[in-house]
Structures are given as structure tokens and as C-alpha cells.
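Spelled out, the chains give:
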Amino acid sequence: DAKTTQPTSMDCAEGRAANLPCNHSTISGNEYVYWYRQIHSQGPQYIIHGLKNNETNEMASLIITEDRKSSTLILPHATLRDTAVYYCIVRPPDLTQGGSEKLVFGKGTKLTVNP
Amino acid sequence: KAGVTQTPRYLIKTRGQQVTLSCSPISGHRSVSWYQQTPGQGLQFLFEYFSETQRNKGNFPGRFSGRQFSNSRSEMNVSTLELGDSALYLCASGGPGNTIYFGEGSWLTVV
């Protein structure tokens, strides 16, 4: 079973920030938080990941609470093309390339960006 | 840098037939995993290969199998196809940096 809980759906106005929450209260100390999104009929697209510090890249920002039990993905200026299902995933690191790359997907959040 | 390449993109098979899907990971990536996505079950892990060895396996029947070659390319095979095997089959590639990247998938329809 997925170790994360996300709202089923969210709406956001185009040009505004989209804040997608994720609860992962049973996360272990060495587990990372990953975010992917899937636009209809396409493969999941990697967005960002983090361990304990906040992270930012060209796509989004990831805010992880100090206790690491929840996180928020922020799309700073949502566009219509950001309409997708967003998945929050918890996984251990594969530091030695000897661990598993298995990802356990939940149902994700269906984000709809409205014009 | 090329991404994860899956072939074919679309295919239609008849019940009882078998199918082979192919995946070429990102250059330098040694890990390949496979997922099945259906409307009812969502994204489910099938199996994972690393250096030609199956490292992890999901809860699927033995009709689902895979292999990985020395160049890291991978194939998965489904034998004795059933209508319920109709799905999007996704391949993911993992390498240094702990990030996993997905291909666009292969749409399989069983009729």
C-alpha cells in the first residue's frame, strides 16, 4: 500500500500558485519524498524530490515539514498544461544501486487548472 | 540525452496470444522496472531488473515475465493474454542520482 495520502482533486486558476499537499506520517528517516505527474495517456513525469530540506527546481518547489510527516508541492504560476494527476511517493534511497527502484503509487491528486 | 524508449506504442492482441514489449533505458542507467496501469487498479509495480538480474517482483501471475540484457535494455512478456491484461505498460529507468524516469508506455489492448 502507498504510504502517502493526497486529496482526490483540486482546482487552481491559471497564473496562480497551485499548492498540492501530501501526508506521509509513517515516513522513515532515510526515505525520500518524490513527486511525479501524469498527463492523460502519457508516462509519469518526474517533478522533484527531497529528504528534509526544501527543494526548488525549474518546475516546482517542495516544502517538507520539520517533522517530515507532510509536504507540499508548489507550482508557482500554474498553466493549463499543468492539468494532470500528481503523485506523491515515499521511497528509500538506492545509495549503492543495490536497493530497489520500486515505486508504490497511490491514487494521486487530479489537479485541474482553469482559465 | 535520450529518454526512456518503449516500443511498440500501441498494439492489439487476441486472447490467448502472447506479447513482448521492449524498453531502452536512459544511457548509463542500469535499473529497469515495469509497471502496469489500468483504470481500476492504478499504477502497479510488475518487476525490476538490475544488471540482468530480477531484483524485485510485484504480485502478478507467472504469465508476466521479463528479462534484461547486458546493454540494460529490457523486455517484458505476457503469455496467454486475457482481456484484463489490457493496460498501459510503463517502463522506468533508474540510475545515479536516485531519480527514476518513465517512458511513454505501451498501450496493449486484448480483444
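Provided above is the structure to which this section pertains.
Parameters at a glance
Residues numbered from 1 in each chain as written. Chains lettered and ligands numbered in written order. Predicted model: local features only at pLDDT ≥ 70, side-chain atom pairs only at ≥ 80, totals over all residues. Heavy atoms only, no water. Phe/Tyr/Trp six-rings, centres within 6.5 Å; stacked < 30°, edge-to-face > 60°. Helix = DSSP H or I, 4+ residues; strand = E, 2+ residues; numbered from the N terminus. Buried < 20%, exposed > 50% of the residue type's maximum accessible area, 1.4 Å probe, protein only. Contact = heavy atoms within 4.5 Å. Salt bridge = Lys/Arg side-chain N within 4 Å of Asp/Glu carboxyl O. Polar contact = N/O pair within 3.5 Å; in protein donor to acceptor, adjacent residues only side chain to side chain. Nonpolar A, V, L, I, M, F, W, Y, C, P; charged D, E, K, R; others polar. Disulfide = S-S within 2.5 Å.

Q: Describe in detail the packing of aromatic side chains, supporting the description with residues and values.
A: Residues and elements named next belong to chain A. Under the defined criterion, the tally for this structure stands at 14 aromatic pairs over all chains. Ring centres of tyrosine 36 and tyrosine 46 lie 5.8 Å apart, and the angle between their planes is 70°; this geometry places the pair in the edge-to-face category. Linking tyrosine 36 in strand 3 (residues 32-38) with tyrosine 46 in strand 4 (residues 45-50), this pair joins segments that are 10 residues apart in sequence. Exposure remark for tyrosine 36: the relative accessible area of 0% places this residue in the buried category.

Q: Residues and numbers for the interface of chain A and chain B, please.
A: If you look at the interface, chain A gives 22 residues, while chain B gives 25 residues. Along the contact surface separating chain A from chain B lie 0 salt bridges. Viewed at the interface, chain B and chain A are joined by 3 residue pairs in polar contact (both at pLDDT 80 or more). Counting only elements with at least two residues in the side of chain A that touches chain B, the list comes to strand 3, strand 4 and strand 8 (84-91) of chain A. When residues in the side of chain A that touches chain B are grouped by element, the largest group, 3 residues, is from strand 3 of chain A. Along the lines of polarity and charge, the residues of the side of chain A that touches chain B split into 9 nonpolar, 9 polar and 4 charged.

Q: Requested: an account of the state of the cysteines, with residues and values cited.
A: Residue and element names in this part refer to chain A. In total, this model carries 2 disulfides over all chains according to the counting rule given. For cysteine 22, the disulfide goes to cysteine 88, at an S-S distance of 2.1 Å. Handedness here is read from the sign of the S-S torsion; for cysteine 22 and cysteine 88, about -80°, the answer is left-handed. Of this pair, cysteine 22 sits in strand 2 (residues 18-23) while cysteine 88 is found in strand 8, placing the two residues 66 residues apart along the sequence. Take cysteine 22: its relative accessible area is 1%, and that puts it in the buried class.

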